[in-house]
Amino acid sequence: MKKFLNLCFYFLIVIIISSSFSIAQEIPNKEWQTFFEKSNFLKTPNYDESIIYFKKFEKFPSAKLINFGQTPQGRELQCLIVSKEKAFTQEKAANSKKAVVLIQNGIHAGEIEGKDASMLLLRDILVSKEKEYLLDNIILLVIPVFNVDGHERIGAFNRINQNGPEEMGWRTTAQNLNLNRDYMKADSPEMQALLKLFTSWLPDFVIDTHTTDGLDFQYTLNYEVEKHQNIYRKTSAWLMDKFVPYFTKSVEKQGYMVSPYVGFKSDNVSDGVTEWVSLPRLSTGYFAVQNRPSLLTETHMLKPYKDRVLATKSALLSTLEFINKNSAELKSMNREADQNSINEFVIDKQPLPVTYKRTEDKTSFSFKGIKYSEDSSWITGTKIKRYTGEKFAQEIPYYNKMLPAVTVKAPAAYLIPHQWSLIAERLKLHGVKIGEVKENKLVNVERYKFRNVKFAENPYEGRHQPGFEMVSYNEEVQIPEGTYIVYTNQRTIRVILNLLEPKAPDSFVNWGFFNAIFEQKEYFEDYSMEPIARKMAEDDPDLKKEFLKKLNEDESFRKDPNKRLDFFYQHSKYFDKEMNVYPVMRVLEKTEL
């Protein structure tokens, strides 16, 4: 009997202790419950509420919230740094030998799963300690919301295609700029602040979280990694052979169907899906030219918000687990990528692709879709898809082979006249090192001149973009003291070429930074120009022959007296020799300036 009582007493003590432990565990769980969870997984908090939650993480010694910039409407841009060793500066992070991972949320503020998913994951790392091991080999930088002003333009009708949250932010900034088109031109204060953060910390891996729209399918989450010629070949192999298999298996094991982020060749799924190479104006394309691997996540708009948040959390967790296990290899590969860019494009003078074309080569893609019917619409006068919810699987063509279309070669250096200081300042935002010419010097340079310049009918991202043809020529130029010089022998060579070579789609020229050079500022009167033109034709038979040929072949030219005179004006000593001439000059041979 005594033994029985003792045994009962023992079990009673165990129950009391277990209950106490359970209660102790419940209190922090309630304290750390997110707005998303409290709303039955239907809502996301506003920016102030979000930052209050992220700031609570500072209760733990390994977390610090910093301000890295300000939006046009005066809101602070925040980033949470998480490090076991309190490596809250880039210098300490560099000395820690750990991989730095940047998680960027809310670049399109209506696509906000990443913010709520980051809250949940950080709670697992810092509060419950369940995932604290992720910090063994990683330093985390988490931006709760990048497009903060857009986040606060909140409403229930901001994304017509999207299934929750109940209210969401807006796609663009307060200045109506799409931040995910701004990485290279860096017009927005938000992007300028991010680039300073990025180039100072130089993360080893970046995750950018989004929501996609488009045709309905079974996948909760799509992903994209850059793997074509826009990124170091060993980085591409590392991503495709090691990271992607681990990532997809891990996310699917957690219950979420995933697929590569692809486009459809047409509205007919049977025609197949396509890949592309992201331009550096986009996040993954930008990190590629910075020699850094990245992951783009795109949850599907029609899936419930709860599923999208939890799938994003799964993607974040799977990525961090992989990097935590492979941090040393990742850091070594990034250093090698930096050096290889110099070796390949500067020392060996290999051409850098800046545009790509898709081939007709194809493999097979196992597509898991949702069936639909087509109903006639008296509104559109066409047939409209109606998704039935019925699942199907189909093998379809996968067009995933890309080849370079346009390439450029690096000179030894670029020279930027001092009056174009804005160009130098933007380059510095990207981590490009810039010097100045110490004294006046005569230098042999290669120059570009534009012709047949035509502007787009409408602006794009706040800029009017020119189209043009281009010729190059060599010239000996007196370079004045104070001219900016950009030597290409640096890790940012891919960025430099994409910004300074006019043929690159994201060059400063293509973004309209040099539009003033296309404007004629001096003109002629016919009574002044006609005698000069007559004399030029008499003195230069070849010029006269060219003029007569144009008269014969071009009716609009023949019927326009001003154009006829302008032909000679442009060939005269009076014409502006700097018009249509690219101010940035190429120094082909290594020269100490």
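Here, the structure is the one placed above.
Trainee: What exactly am I supposed to notice about the overall build of the chain here?
Mentor: Along the chain, the regular secondary structure elements total 17 helices and 20 strands. Out of the 593 residues in the chain, the part that is buried amounts to 52%. Long-range pairs, those at least 24 residues apart, make up 78% of the contacts in the chain between residues at least 6 apart in sequence. Looking at the chain as shown, the accessible area adds up to about 28400 Å², and 51% of this sits on carbon and sulfur atoms. Side-chain charges of the chain comprise 81 positive and 79 negative groups, with the mean position of each set lying 5 Å from the other.

Trainee: Would you take a moment to explain the sheet that holds strand S1 (residues 63-70) for this structure?
Mentor: The strands making up a sheet associate through backbone hydrogen bonding, with each pair oriented either parallel or antiparallel. Spatial ordering of the open sheet is given by S1-S2-S4-S3-S5-S10-S6-S7, a layout of eight strands whose pairing is mixed. Bordering the open sheet on either side are S1 and strand S7 (258-260), each of which pairs with just one other strand. Pairs of neighbouring strands in the sheet enclose a mean axial angle of 25°, with direction left out of account. Here six bridges tie strand S3 (residues 99-104) to strand S4 (residues 138-143), and the two strands are oriented parallel to one another. If you follow Gln 104 over to S4, its bridge partner there is Ile 143. Where helix H7 (residues 189-201) meets the sheet, it contacts S1, strand S2 (76-82), S3, S4 and strand S5 (205-212), and its direction lies at approximately 135° from that of S1.

Trainee: When you look at the packing of aromatic side chains in this model, what are you seeing that I'm missing?
Mentor: A ring pair, where both rings are aromatic, is described by two values, the distance of the centres and the angle of the planes. Enumeration according to the criterion identifies 42 aromatic pairs in this entry. Between Phe 450 and Phe 518, the aromatic rings sit 5.5 Å apart at their centres with planes inclined by 75°, giving edge-to-face as the arrangement. With a gap of 68 residues between them, Phe 450 in strand S17 (residues 441-455) and Phe 518 in the loop between helix H13 (493-500) and helix H14 (526-539) connect regions that are remote in the sequence. Across this residue pair, the class does not change: Phe 450 and Phe 518 are buried.

Trainee: Just checking my understanding: could you explain the packing of helix H5 (residues 113-127) against helix H10 (residues 305-325) for this structure?
Mentor: For any two helices packed against each other, one specifies the inter-axial angle together with the distance between the axes. As a packed pair, H5 and H10 sit with axes 8 Å apart at the nearest point and diverge in direction by 55°. Looking at the two axes, H5 sits oblique to H10. The handedness of the crossing between H5 and H10 comes out as right-handed. In this structure, H5 uses Glu 113, Gly 114, Asp 116, Ala 117, Ser 118, Leu 120, Leu 121 and Asp 124 to contact H10, whose residues at the interface are Tyr 305, Arg 308, Val 309, Leu 310, Thr 312, Lys 313, Leu 316, Leu 317 and Leu 320.

Trainee: I would appreciate a short explanation of the pattern of salt bridges in the present structure.
Mentor: A side chain with one charge may pair with a side chain of the opposite charge, provided their charged atoms come close. Summed over all chains, the structure comprises 40 salt bridges. Its salt-bridge partner being Arg 386, residue Asp 375 comes within 3.3 Å of it at the nearest N-O pair. Taken together, the residues Asp 375 in strand S12 (residues 363-376) and Arg 386 in strand S13 (residues 383-399) connect sequence positions 11 residues apart. Within this structure, Asp 182, Lys 185, Asp 187, Arg 426 and Arg 463 form a network of salt bridges that share partners.

Trainee: What exactly am I supposed to notice about the environment of Leu 499 here?
Mentor: Mapped onto the fold, Leu 499 is located in helix H13. Here the alpha-carbon distance between Leu 499 and Ser 128, two residues 371 residues apart in the chain, equals 46 Å. Leaving out residues up to four positions away in the same chain, Leu 499 has contacts with Met 184, Leu 427, His 430, Asp 506, Ser 507 and Phe 508.

Trainee: Would you explain the sheet that holds S12 in this entry?
Mentor: One open sheet holds the four strands; their spatial order is S8-S9-S13-S12, and the pairing between them is mixed. Two strands bound the open sheet, and with one partner strand each, they are strand S8 (263-264) and S12.

Trainee: Would you take a moment to explain the pairing of S5 for this structure?
Mentor: As a general feature of sheets, a regular strand has side chains that alternate between the two faces. By the criterion of burial, S5 is predominantly enclosed, with eight of the eight residues buried. Where S3 and S5 come together, four bridges link them in parallel fashion. From the neighbouring strand, Leu 102 faces S5, where its bridge partner is Val 206.

Trainee: Sorry if this is basic, but what is going on with the packing of H14 against helix H17 (residues 561-570) here?
Mentor: In the contact formed by H14 and H17, the axes pass within 9 Å of each other and the chain directions differ by 65°. Where H14 crosses over H17, the two elements pack in a sense that is left-handed. Packed against H14, whose contacting residues are Asp 526, Met 529, Glu 530, Ala 533, Met 536 and Ala 537, the element H17 presents Leu 565, Phe 568 and Tyr 569 at the interface. Here the contact of H14 with H17 is built from residues that sort into seven nonpolar, no polar and two charged.

Trainee: Which parts of the structure should I look at to understand the nonpolar core?
Mentor: General note: in soluble globular proteins, nonpolar side chains tend to be found buried as a group. Phe 57, Leu 80, Leu 140, Phe 205, Phe 243, Leu 427 and Phe 514 are the most contacted members of the largest nonpolar core, which totals 119 residues. With nine residues, the single largest contributor to this core is H10. When residues no more than four places from it in sequence are discounted, the contact partners of Leu 80 are Phe 54, Phe 57, Ala 63, Lys 64, Leu 65, Leu 122, Leu 140, Leu 141 and Val 142. In terms of nonpolar packing, the next biggest core, distinct from the first, is built from 15 residues, Met 529, Ala 537, Phe 547 and Tyr 569 among them.

Trainee: Explain the side chain of Asp 149 to me, please; I cannot follow it from the model alone.
Mentor: For Asp 149, the position within the fold is in helix H6 (residues 148-152). Residue class for Asp 149 comes out buried when judged on its relative accessible area of 4%. Non-local contacts of Asp 149, meaning those with residues more than four positions away in its chain, are made with Thr 71, Pro 72, Gln 73, Arg 75, Ala 174 and Glu 190.

Trainee: Got a minute to help me understand the environment of Phe 547 in this structure?
Mentor: When you line up the elements, Phe 547 lands in helix H15 (residues 541-553). Sequence spacing of Phe 547 and Ala 537 is 10 residues, and the spatial spacing of their C-alpha atoms is 8.6 Å. Dropping the residues within four chain positions of it, Phe 547 is found in contact with Phe 557, Arg 564, Phe 567 and Phe 568.

Trainee: Help me understand the environment of Tyr 223, please; the structure alone is not making it clear to me.
Mentor: Along the chain, Tyr 223 falls in strand S6 (residues 221-224). Residue Tyr 223 is classed as buried on the basis of its relative accessible area of 9%. For the pair Tyr 223 and Phe 247, spaced 24 residues apart in sequence, the C-alpha to C-alpha distance is 9.7 Å. Here Tyr 223 is in contact with Val 244, Phe 247, Thr 248, Ser 259, Pro 260, Tyr 261, Leu 295 and Leu 296, once residues within four sequence places are set aside.

About the criteria used
Residues numbered from 1 in each chain as written. Predicted model: local features only at pLDDT ≥ 70, side-chain atom pairs only at ≥ 80, totals over all residues. Heavy atoms only, no water. Helix = DSSP H or I, 4+ residues; strand = E, 2+ residues; numbered from the N terminus. Buried < 20%, exposed > 50% of the residue type's maximum accessible area, 1.4 Å probe, protein only. Contact = heavy atoms within 4.5 Å. Areas by Shrake-Rupley, 256 points an atom, 1.4 Å probe, with all protein chains shown as cover. Lys, Arg positive; Asp, Glu negative; His and termini not counted. Charge placed at Lys NZ, Arg CZ, Asp CG, Glu CD. Pairing = 2+ DSSP bridges. Axes fitted to C-alpha atoms, helices over the stretch in contact; angles between N-to-C directions. Phe/Tyr/Trp six-rings, centres within 6.5 Å; stacked < 30°, edge-to-face > 60°. Parallel < 35°, antiparallel > 145°, perpendicular 65-115°, else oblique. Left-handed = near helix turned anticlockwise from the far one by under 90°. Salt bridge = Lys/Arg side-chain N within 4 Å of Asp/Glu carboxyl O. Nonpolar A, V, L, I, M, F, W, Y, C, P; charged D, E, K, R; others polar. Core = buried A, V, L, I, M, F, W, Y, C linked by side-chain atoms within 4.5 Å.

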